[in-house]
Amino acid sequence: TNVVAAATPTSLAGAVAVNGLQTKTVTLGATDNAATAAAAFNAVSDATGVTASARNVSQLTFTGAGVPGSFSLAVKGDNSTDANVTFSVSANTSAGLAEAVKAFNDVSSQTGITAKMNAAGNGLLLVSESGADIDITNKSAAAAQEINLAAQDTTSSTLAFTAANAAAGGAAVRTVSRGTVEFSSDKGFSFGASASVLVAANGSSALNAVSGIDVST
């Protein structure tokens, strides 16, 4: 199921029954993200035969009212301490967003988040291969310097995104995108009861392979 970007991370808490070689229940907590959720499912993979992999592909765009303008963002991914990402956006074009791409990539060794232009050339693709949350606080000076973060749409067979969550400047507004978890097995498997938004209850293994979706531009 889709977990959309929000001002606070959507809780993944709940028990999920995995029906594989054996049936095992994985219980996720309120602090779990896609990366730690995948690790929890993999902890019982010897019994179920089902493995999980996490990834976070999100889209970041900037409102026209705040462009051109300077942006100051506090970014967390694999890191627990904010990484400061500052840049100017001259236009919502590949050239106008080049400084933003560089600024994110300059701190990727801290955050684990890399940036590239999206296919339309009007925003950034942010990718965390670990599946960590992409957690951004907008510390830009003016309210008009708004950012919009959108999580990947896991129901689509091509790269698409759910509705974006806006974070205005001027008030340190936060927006968080949770990653996706892909399940695989060389045997058939399904999910039973699920109290977590991460997995639909009674779902089959016929899920879109989000890790295989092309994110090149």
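Above: the structure in question.
Here is what the cut-offs are and how they apply
Residues numbered from 1 in each chain as written. Predicted model: local features only at pLDDT ≥ 70, side-chain atom pairs only at ≥ 80, totals over all residues. Heavy atoms only, no water. Salt bridge = Lys/Arg side-chain N within 4 Å of Asp/Glu carboxyl O. Buried < 20%, exposed > 50% of the residue type's maximum accessible area, 1.4 Å probe, protein only. Helix = DSSP H or I, 4+ residues; strand = E, 2+ residues; numbered from the N terminus. Phe/Tyr/Trp six-rings, centres within 6.5 Å; stacked < 30°, edge-to-face > 60°. Pairing = 2+ DSSP bridges.

**Let's talk about the pattern of salt bridges**
Then step 1. Evaluated as defined, the whole model comprises five salt bridges.
Then step 2. A salt bridge links Lys76 to Asp82; the shortest N-O distance between them is 3.9 Å.
Then step 3. Owing to a relative accessible area of 28%, Lys76 belongs among the partly exposed residues under this scheme.
Then step 4. The partly exposed category is assigned to Asp82, whose relative accessible area is 34%.
Then step 5. Put simply, Arg174 and Asp135 hold a salt bridge, and the shortest N to O gap is 2.6 Å. Pair noted here: Arg174 is in strand β11 (residues 173-177) and Asp135 is in strand β8 (residues 134-138), with a separation of 39 residues, a long-range link.
Then step 6. For Arg174, a relative accessible area of 30% gives the class partly exposed.
Then step 7. The class for Asp135 is buried, based on a relative accessible area of 11%.

**Considerations on the packing of aromatic side chains**
Then step 1. Under the criterion given, the structure shown has seven aromatic pairs.
Then step 2. Clustering of aromatic rings is evident, with ring pairs tying together Phe41, Phe183, Phe189 and Phe191.

**So, the side chain of Ser156**
Then step 1. The topology assignment puts Ser156 in the loop between β9 (147-150) and β10 (165-167).
Then step 2. The class of Ser156 is buried, set by a relative accessible area of 15%.

**Describing the pairing of β9**
Then step 1. Side chains of β9 alternate between two faces, with Ile147 and Leu149 and Asn148 and Ala150 buried alike.
Then step 2. Two strands pair when backbone bridges link them, and strand β3 (residues 51-62) and β9 are joined in this way by four bridges, in the antiparallel orientation. The residue bridging Phe62 from the neighbouring strand is Ile147, located in β9.
Then step 3. Where β9 and β10 come together, three bridges link them in antiparallel fashion. Bridge pairing in β10 places Ile147 opposite Ala167.

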